[in-house]
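# Understanding the architecture of this molecule
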Amino acid sequence: MTDTPIRTRREGGILEVTLDRPKANAIDLATSRIMGETFRDFRDDDTLKVAILRAEGEKFFCPGWDLKAAAEGDAVDGDYGVGGFGGLQELPRLDKPVICAVNGICCGGGLELALSCDLILASETATFALPEIRSGTVADAASIKLPKRIPYHVAMDLLLTGRWFDAEEAKHWGLLKEITRPEDLLATSWELARLLESGPPLVYAAIKEVVREAEDMKFQDALNKITRSQFATVEKLYNSEDQLEGAQAFAEKRDPVWKGR
């Protein structure tokens, strides 16, 4: 096992986060806490715009909870850290895009981790499942998220049977943005990250807050809150230099220069 289960690489405003815990990239409590700290620092660094979450190796993205660590004393209800399991599921105010690059096996908590990202890319060899049902446990986060992302009866099929499904089926149901060859996955993820890096960070923040908060609101209530600038990110956007820059760039038929303020 590596001494550092989480590695990071930065290029411009992009942060690449790599999960590296041989043999299967399973997540124990200590790793989860490190991941939470990593994504918290990403959230709080104004010079970082986009993150990519990937895993080392070709066979496994992540199978979720480390059962070996659990057998050695890690409590399933232990301290996962500031972001909850995997550092992303419960991290508050993460208003920047996060891309997930899935290679190999992505199941259980690993799939829940991918669902916590904004965009998911996968290699054509990736496979997915929520096998918790077979061990008498609940895929808790997936039970909440999946029926909101894909058709109810499809989500229930996956949750109740724990069956495996491939990248093509995942894309068919809208879970994936794109499928690539294994050797192209990382490069394609970086290409997407660079596209997002060039975009308006204040708009991204507003989109993420609105989507997150509106999930439990009635449509008109959410819309009223937007138009009245009652979301902090929307108020910041509407009073920003970038708001004016966007309008001026459109009028002058040029590309905008975003400053994030």
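Residues numbered from 1 in each chain as written. Predicted model: local features only at pLDDT ≥ 70, side-chain atom pairs only at ≥ 80, totals over all residues. Heavy atoms only, no water.

### Here we look at the layout of surface pockets
- Within this model, the largest pocket holds a volume of roughly 1600 Å³.
- Together, 49 residues line the largest pocket, and Q89, E112, S116, A141 and K145 are the ones closest to its centre.
- Elements supplying a minimum of two residues to the lining of the largest pocket: α3 (109-115), β7 (119-123), α4 (140-149) and α8 (201-214).
- With six residues, the single largest contributor to the lining of the largest pocket is α4.
- What the second largest pocket holds in volume is close to 510 Å³.
- Taken together, the elements giving at least two residues each to the lining of the second largest pocket come down to α1 (29-44), α8 and α10 (232-238). (1 Å grid on protein atoms, 1.4 Å probe; cavity = no way out; pocket = protein on both sides within 12 Å on 5 of 7 lines; lining within 4 Å. Points joined across faces, edges and corners; volume = space filled by probe spheres on them. Helix = DSSP H or I, 4+ residues; strand = E, 2+ residues; numbered from the N terminus.)

### Looking at the packing of α4 against helix α5 (residues 152-161)
- For the pair α4 and α5, interaxial distance at closest approach is 8 Å and the crossing angle is 150°. As judged from the angle between their axes, α4 and α5 are roughly antiparallel. Note that α4 runs across α5; the crossing there is right-handed. Along the contact surface, α4 presents A142, S143, L146 and P147, while α5 presents Y152, A155, L158 and L159. (Axes fitted to C-alpha atoms, helices over the stretch in contact; angles between N-to-C directions. Parallel < 35°, antiparallel > 145°, perpendicular 65-115°, else oblique. Left-handed = near helix turned anticlockwise from the far one by under 90°. Contact = heavy atoms within 4.5 Å.)

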